[in-house]
Amino acid sequence: MNADTNKNPIIRLFNVSKRYGAKLALKDISLDIEPGEFIFVSGPSGAGKSTLLRVLYLAEKVSEGQILIDGMNLARIPAGRLPFLRRRFGMVFQDFKLIPNRTVFENVALVLEAAGEKPAFIRKKVMHVLRTTGMEKKVNALPPTLSGGEQQRVAVARAVVGEPAIILADEPTGSLDEKSAQAVMDLLMEYHKKGTTILVASHNLHLMEISVRGRNIVLEEGKLKKTSTML
Amino acid sequence: MTRFVKKALADIRSNRFLNFITIITISLSILVVSVFMLFFENASRIIEAWNQGGRAIVYLEKEFSMDMLPDLKVKIQGLGEIDEMRFIPKAQALEKLKKEMSSRTEFFQTLKTNPLPDAIEIRMKSHGSFEQVQAFAGKIAALELVENVEYGQGWLGRFLNVFNLFKMTGYAMCSLFLLIALFITANTVRLAFYSRRLEVEIMRLVGATEGFIKTPFYVEGLFQGFFGGVLGLVILLSGYLTISSGIAENLAAYVYIDIRFLSMGAILTIILSSTFLGWFGCYLSLKQILK
């Protein structure tokens, strides 16, 4: 994995606010995240968890404040460089966001194809990742034929195949049963142990307590309410 | 690039009906354009052939006798625009007619005398315009012993009128049909794009560049344009093979011309233009969607 070990913050937020019309989804958030940290972003629905992740991977622009990723100011990144920044992230979503008419292999391979990798390398790498996520037997399956848990494993495989420095997971267990949810969290923890910085936004506190060793950031009405360390 | 071609072909397969309609529309538009091109190419060749020496038949009066021929030839030659001259005795003309109309032998048996006149076939030197040809034929017709001059004035006059009319309507029709094809291609790409919205969104999330996202659409547009162009030309070729021989026979009496299919240059131009059309339709559509 690409995580730094010099302990300079890999993500820095300076007084970040995000406004949707009159509503403030994020209010004056300042935060440093070290390389290799596991951050659990919690809070009730509408607290701003998803918005926080969305501004990090530049699906949304901040209304105020600044974000630095690995020292790069997101506000100064030209549109043409955005795809290269996004390759530093692996993303996992509640609704999986898999392409329904592409096989498991093709969905995962897309990340490496987009990065311009050679077919032989892609095949080797994708098969390796599918083995580690336990999906190697479903390589030719289409996502709609898989269970929710399996689809999320594919999504995790896609998130990690490019060896990103940071994984952002937005409610990754939201639509899964407890067993599948635990399996997905275990997978994320595995990649965390390899040094990847991981941010998981979820309201499932129980899941956090049983699986996460890291920092819990609690958001409430867009504000950073508290930060605690889970041992 | 292989990856994009494979992807575009897979997308065409998954949207067969939409792509089929687009290719048919492009091919029909290309057919209209290429019909005009075929006409213009051959019409230009006919005019060029005429300019390089069309044929005229000078029919002689009954009073003509062979001893008058040298004098008449000198007079015609004196008009100064003759390249070649050949006397056709009426007996030879009748034999030729009998051969050409071998199924009507009964009719020829009823003939007591040869109704055909003696004639002189002349090959004229280059003429700039139909009006010049008319004036020259008029000079020959005014000579003593000349009954009539046949130089295709009927069909040539009509041909030039049709040619000019076709030229005007040709430009208008071609523009219209190309615009329709462009609109349909752009619309197909738009529909394809919307049907793959999720895919495009995911591609962006995983760090795909705009080029990576757009290229399969462009390749698809190029394929549509290319196959539409080829299909249009195949339809034109079928039509050409069916009707061209009849036209050539009718014209052969007056000019040395064979009706030919489009030249290789024109075929390449049509295929390249239709391929470009597919690409341009895609470009316009993506520009609008992604602005």
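Computed from a predicted model, the values in this text were never measured in an experiment.

1. Notes on the overall build of chain A
Broken down by element type, chain A carries 7 helices and 10 strands. Within chain A, the proportion of its 231 residues that are buried is 54%. When contacts within chain A are restricted to residue pairs at least 6 apart in sequence, long-range pairs at least 24 apart make up 71% of them. In the form shown here, chain A has an accessible surface area of approximately 10,400 Å², with 50% of it arising from carbon and sulfur atoms.

2. A short note on the interface of chain B and chain A
Taken together, the 14 residues of chain B in the interface contact 21 residues of chain A. Counting each side, the surface lost to burial between chain B and chain A is near 1,500 Å², with a carbon and sulfur contribution of 66%. For chain B, the biggest contributors to the area lost against chain A are B:R3, B:L205 and B:V206; these three give 40% of the whole. At the junction of chain B and chain A, the tally comes to 2 salt bridges. Where B:E201 meets A:K97, a salt bridge forms, and the shortest distance between an N and an O atom there is 3.4 Å. On inspection of chain B and its partner chain A, the count reaches 4 residue pairs in polar contact (both at pLDDT 80 or more). When residues of the side of chain B that touches chain A are traced back to their parent elements, those giving at least two are α1 (2-14) and α8 (197-205) of chain B. When residues of the side of chain B that touches chain A are assigned to their parent elements, the largest contribution, 7 residues, is made by α8(B). Across the side of chain B that touches chain A, the residue classes tally to 7 nonpolar, 2 polar and 5 charged.

3. Thoughts on the packing of helix α3 (residues 104-114) of chain A against helix α4 (residues 119-132) of chain A
Residues and elements named next belong to chain A. α4 packs onto α3 with a crossing angle of 125° between their chain directions and a minimal axis gap of 9 Å. Comparing their axes, α4 and α3 come out oblique. Seen along the crossing, α3 lies across α4 with a hand that is right-handed. Across from V104, F105, V108, A109, L112 and E113 in α3, the residues of α4 making contact are F121, I122, R123, K125, V126, M127 and L130. Class assignment of the residues belonging to the contact of α3 with α4 gives a composition of 10 nonpolar, no polar and 3 charged.

4. Comments concerning unusual backbone geometry
Residues and elements named next belong to chain A. Of note in the backbone geometry, K97 takes a positive phi value of approximately 50° without being a glycine. Relative to the helices and strands, K97 resides in the loop between β6 (89-93) and α3. The phi torsion at E171 lies on the positive side, around 45°, for a residue other than glycine. Structurally, E171 can be placed in the loop between β7 (166-170) and α6 (178-193).

5. A word on the sheet that holds strand β5 (residues 72-73) of chain A
Residues and elements named next belong to chain A. Taken in spatial order, the 4 strands line up as β2-β1-β4-β5 in an open sheet, and their pairing is antiparallel. Since the sheet does not close on itself, it has two edges, and those belong to β2 (23-33) and β5, each with one partner. In the sheet, strand β4 (residues 64-69) pairs with β5 via 2 bridges, with the strands oriented antiparallel. From the neighbouring strand, L68 faces β5, where its bridge partner is N73.

6. Overview of the confidence of the model for chain A
In the predicted model, chain A carries a mean pLDDT of 88, and 95% of its residues have values of at least 70. Across residues 1-5 of chain A, where pLDDT falls below 50, the model places 11 contacts with residues more than four positions away in sequence or in other chains.

7. What about the environment of B:G278?
Residues and elements named next belong to chain B. For G278, the location among the structural elements is in helix α10 (residues 264-289). Linking G278 and I26, residues 252 residues apart in sequence, is a C-alpha distance of 8.4 Å. Setting aside residues up to four positions removed in sequence, G278 forms contacts with T185, G221, L222 and G225.

Rules behind the numbers
Residues numbered from 1 in each chain as written. Chains lettered and ligands numbered in written order. Predicted model: local features only at pLDDT ≥ 70, side-chain atom pairs only at ≥ 80, totals over all residues. Heavy atoms only, no water. Helix = DSSP H or I, 4+ residues; strand = E, 2+ residues; numbered from the N terminus. Buried < 20%, exposed > 50% of the residue type's maximum accessible area, 1.4 Å probe, protein only. Contact = heavy atoms within 4.5 Å. Areas by Shrake-Rupley, 256 points an atom, 1.4 Å probe, with all protein chains shown as cover. Buried area = accessible area lost by both parts, 1.4 Å probe. Salt bridge = Lys/Arg side-chain N within 4 Å of Asp/Glu carboxyl O. Polar contact = N/O pair within 3.5 Å; in protein donor to acceptor, adjacent residues only side chain to side chain. Nonpolar A, V, L, I, M, F, W, Y, C, P; charged D, E, K, R; others polar. Axes fitted to C-alpha atoms, helices over the stretch in contact; angles between N-to-C directions. Parallel < 35°, antiparallel > 145°, perpendicular 65-115°, else oblique. Left-handed = near helix turned anticlockwise from the far one by under 90°. Pairing = 2+ DSSP bridges. pLDDT = per-residue confidence, 0-100.

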